[in-house]
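Here is what each chain is made of, one letter per residue.
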Amino acid sequence: MKNALILLVGVTLATAPSCSNAQKAASVEKQQPNSDYKPAFEGQTRIGAVVTKSAYEGKVITSSLQRPWGIASLPDGRFIITELGGTMRIVSSSGNIGEPIKGVPKVSEGGQGGLLGICLDEDFSNNKMIYWAFSEPIGKENVTSVAKGRLSSDEKSLENVTVIYQAKPSYKGFAHFGGRVKIAKDGNLFLSTGERSDLVTRPQAQDLGSGLGKVIHITKDGKPAPGNPFIGKANARPEIYSYGHRNVQGIAIHPETGDLWETEFGPRGGDEVNRIVAGKNYGWPVITYGIEYSGEKVGDGIQQKQGLEQPVYYWDPVISPSGITFYDGRQIAEWKNNLFISSLSGMHICRLVIENNKVTGEERLLSGESQRFRDITEGTDGALYAVTDQGRLYRIGKK
Ligand SMILES: [Ca+2]
């Protein structure tokens with residue numbers, strides 16, 4: 001902490017010598033918030049800055065991807081990457097980009113729609129199974145869906161491709177698809193969805209009969225995962241794990257606790273980090289730390305309500321958090337179990353230090369790159385790898 005303070009310009013260390021009330025590090029955020037909303041607890045936003053002491057670098061591996069959206073590490077050190085336009089490719093750690101893999105079903109492309117998140121089966125080395133999310137066309141509408149397929153032995157195509165889940169209802173629109181998939185600790189799948197952005201669909205985030213604005217927990221065959229909180233409940237979909245979400249583009253499993261963490265976009269202000277507990281309501285659009293893009297309040301303009309979960313952390317103004325990952329610390333030990341968040345509008349990689357389920361420090365990495373970071377994962381070499389909307393793949397690791 002002392003090092004962090006020294007690096008911050010203008011911190012008056014002389015006035016805070018050895019007392020327990022030592023001056024706190026300033027936040028990385030210097031802009032004014034959009035509202036005067038107050039956090040529910042100390043440290044829920046604008047936590048003190050931390051600064052990485054280890055020598056690290058962010059290196060561009062390639063700049064030739066086309067709107068990459070999801071990245072997953074293959075066991076041999078390469079990556080499998082989705083591109084929003086509907087292509088999936090294998091990319092080597094030296095930046096060699098493979099041909100599009102054949103057999104990817106047609107996506108509903110436009111706006112935020114297309115080929116979305118991707119993850120590998122935990123037994124991929126043996127079964128070559130891949131799971132991915134995409135906006136699937138249904139007539140003139142579309143829906144966030146999950147498909148699975150087996151990567152062929154020549155790696156040129158996907159075999160036995162099946163759409164295993166559709167987060168219905170479908171809707172005519174091109175925003176807020178959610179779209180991350182991850183393997184849960186229990187071997188089932190998590191899928192994140194969005195509420196499709198429009199005022200007419202927004203209330204469905206609170207509707208347990210809708211797949212919109214949810215975290216979904218399904219088996220690898222797309223059935224509700226055993227033990228799901230709403231199984232057997234009237235007017236509720238048994239595949240729902242949590243609800244009241246706006247647009248969840250980041251999900252990750254904490255390496256020690258096994259908990260599911262997510263990030264979601266707020267409107268103007270109110271981007272969130274949440275620790276997900278099965279069956280809980282995460283509040284959107286009833287409570288939020290954001291305001292409408294127009295400047296109006298959202299709903300009744302409330303931020304806290306009994307029975308609705310508070311975010312672990314929030315940002316105002318927004319950073320636009322997309323893909324996230326926890327880091328295991330193999331190359332940069334001081335980053336162990338930190339949460340790394342791809343920031344789109346903030347154009348950086350956000351590092352959050354988390355202790356006992358609370359955020360205790362924030363750092364912005366690669367903020368000089370002017371890239372919209374879309375997804376991030378850990379490579380087999382223990383470095384972090386991130387893709388950007390502009391088509392870059394970065395390696396972020398030991399210098
Ligand atoms: Ca919330």
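Now for a description of the structure that goes with this document. (Residues numbered from 1 in each chain as written. Predicted model: local features only at pLDDT ≥ 70, side-chain atom pairs only at ≥ 80, totals over all residues. Heavy atoms only, no water.)

So, the coordination of the calcium ion
As a reminder of what qualifies: Each metal site is built from N, O and S donor atoms within 2.8 Å (3.2 Å for Na, K and Ca), and since water is not included, such sites may look incomplete. Working definition: helices are DSSP H or I runs of at least four residues, strands are E runs of at least two. Numbering for both runs from the N terminus. For every residue, the accessible area obtained with a 1.4 Å probe (protein chains only) is divided by the maximum for its type, and the residue is called buried under 20%, exposed over 50%, and partly exposed between those limits.
Within the protein, E272 (OE), E272 (OE) and Y282 (O) serve as the donor atoms for the calcium ion, at 2.3 to 2.5 Å. Within this pair, whereas E272 is found in strand β15 (residues 271–276), its partner Y282 is found in the loop between β15 and β16 (313–315), the two being separated by 10 residues in sequence. Overall, E272 belongs to the buried group, its relative accessible area being 6%. The class for Y282 is buried, based on a relative accessible area of 2%.

Section: the nonpolar core
To be explicit about the condition: Put simply, a nonpolar core is a bunch of buried Ala, Val, Leu, Ile, Met, Phe, Trp, Tyr and Cys residues held in one set by side-chain atoms that sit within 4.5 Å of each other. Note on contacts: a residue pair qualifies if any of its non-hydrogen atoms lie within 4.5 Å across the two residues.
Counting 23 residues, the largest nonpolar core has V146, Y165, L189 and L191 as its most contacted members. Looking at this core, the elements with two or more residues in it are β5 (115–120), β6 (129–138), β8 (158–166), β9 (181–183), β10 (189–192), β11 (214–218) and β12 (240–243). Top element by residues in this core is β6. It accounts for 3 residues. What L191 contacts, discounting residues up to four positions off in sequence, is A133, T144, V146, Y165, R180, V181, K214, V215 and I216. Grouped together as the second largest cluster of nonpolar side chains are 18 residues, L74, M88, I101 and L158 included.

Description of unusual backbone geometry
Cis geometry marks the peptide bond from K168 to P169, where omega comes out at 10°. Note on placement: P169 falls in the loop between β8 and β9. Cis rather than trans, the peptide bond between D316 and P317 has omega equal to 0°. Positionally, P317 belongs in the loop between β16 and β17 (321–326). The phi dihedral of R196 is positive, around 70°, even though this residue is not glycine. Looking at where R196 falls in the secondary structure, it is placed in the loop between β10 and β11. Although it is not a glycine, S320 adopts a positive phi angle of roughly 60°.

Thoughts on empty space enclosed by the protein
Heads up, the rule is: We place a 1 Å grid over just the protein atoms. Points where a 1.4 Å probe fits but has no way out form a cavity, open points with protein on both sides within 12 Å along at least 5 of 7 lines form a pocket, and any residue with an atom within 4 Å of a point lines it. Grid points are joined across faces, edges and corners, and a volume is the space filled by probe spheres set on the points. Polar here means any residue other than Ala, Val, Leu, Ile, Met, Phe, Trp, Tyr, Cys and Pro, which are nonpolar, and Asp, Glu, Lys and Arg, which are charged; Gly is therefore polar.
Inspection of every chain in the model, using the stated rule, returns 2 cavities of 30 Å³ or more. If you add up the space inside the largest cavity, you get close to 50 Å³. Volume-wise, the second largest cavity comes out at about 40 Å³. Considering the residues around the second largest cavity, the lining is formed by S27, E29, T45, R46, Y314, W315, D316, P317 and E362. Grouping the constituent residues of the lining of the second largest cavity by class yields 3 nonpolar, 2 polar and 4 charged.

Section: the packing of aromatic side chains
What counts, and what does not: Ring pairs shown here join Phe, Tyr and Trp side chains whose ring centres sit within 6.5 Å, with only the six-membered ring taken for Trp; geometry is labelled stacked below 30 degrees between planes, edge-to-face above 60, and tilted in between.
This model, assessed by the stated rule, comprises 11 aromatic pairs. Measuring from ring centre to ring centre gives 6.0 Å for Y327 and F340, while their planes differ by 75°; the resulting arrangement is edge-to-face. With Y327 in the loop between β17 and β18 (339–343) and F340 in strand β18, this pair connects stretches of sequence that are 13 residues apart. The buried category is assigned to F340, whose relative accessible area is 0%. The interplanar angle of 55° and the centroid separation of 5.0 Å between the aromatic rings of W335 and F340 together place this pair among those described as tilted.

Description of the layout of surface pockets
Its volume calculated, the largest pocket comes out at about 810 Å³. Mapped onto the lining of the largest pocket, the elements with two or more residues apiece are β2 (68–73), β5, α2 (124–127), β9, β13 (248–253), β17 and β21 (373–378). Per-class residue counts for the lining of the largest pocket are 17 nonpolar, 7 polar and 8 charged.

Examining the pairing of β15
Which entries qualify depends on this criterion: Paired strands, in this sense, are two strands between which DSSP finds at least two bridges.
With 5 of 6 residues buried, β15 lies mostly within the body of the structure. Bridge count between strand β14 (residues 260–264) and β15: 5 bridges; the pairing is antiparallel. Each bridged residue has a counterpart across the sheet, and for L260 the counterpart in β15 is I276. Where β14 hands over to β15, the hairpin turn is made up of 6 residues, of which G269 adopts a positive phi near 85°. The pairing of β15 with β16 spans 3 bridges and is antiparallel. Among the inter-strand pairings, D271 is bridged to a residue of β16, identified as W315.

Re the pattern of salt bridges
Here is the rule we go by: The salt bridge criterion pairs a side-chain nitrogen of Lys or Arg with a carboxyl oxygen of Asp or Glu, the two atoms within 4 Å.
Per the stated rule, a full pass over the model turns up 20 salt bridges. Notably, a salt bridge pairs E155 with R78, separated by 2.6 Å at the nearest N-O pair. Placement of the pair is E155 in the loop between β7 (141–151) and β8 and R78 in the loop between β2 and β3 (79–83), with a sequence separation of 77 residues. Here E363 ties to R351 by a salt bridge, and the two come within 2.8 Å at their closest N and O atoms. Residue E363 is located in strand β20 (residues 358–365), and its partner R351 is located in strand β19 (residues 348–355); the two are separated by 12 residues in the primary sequence.

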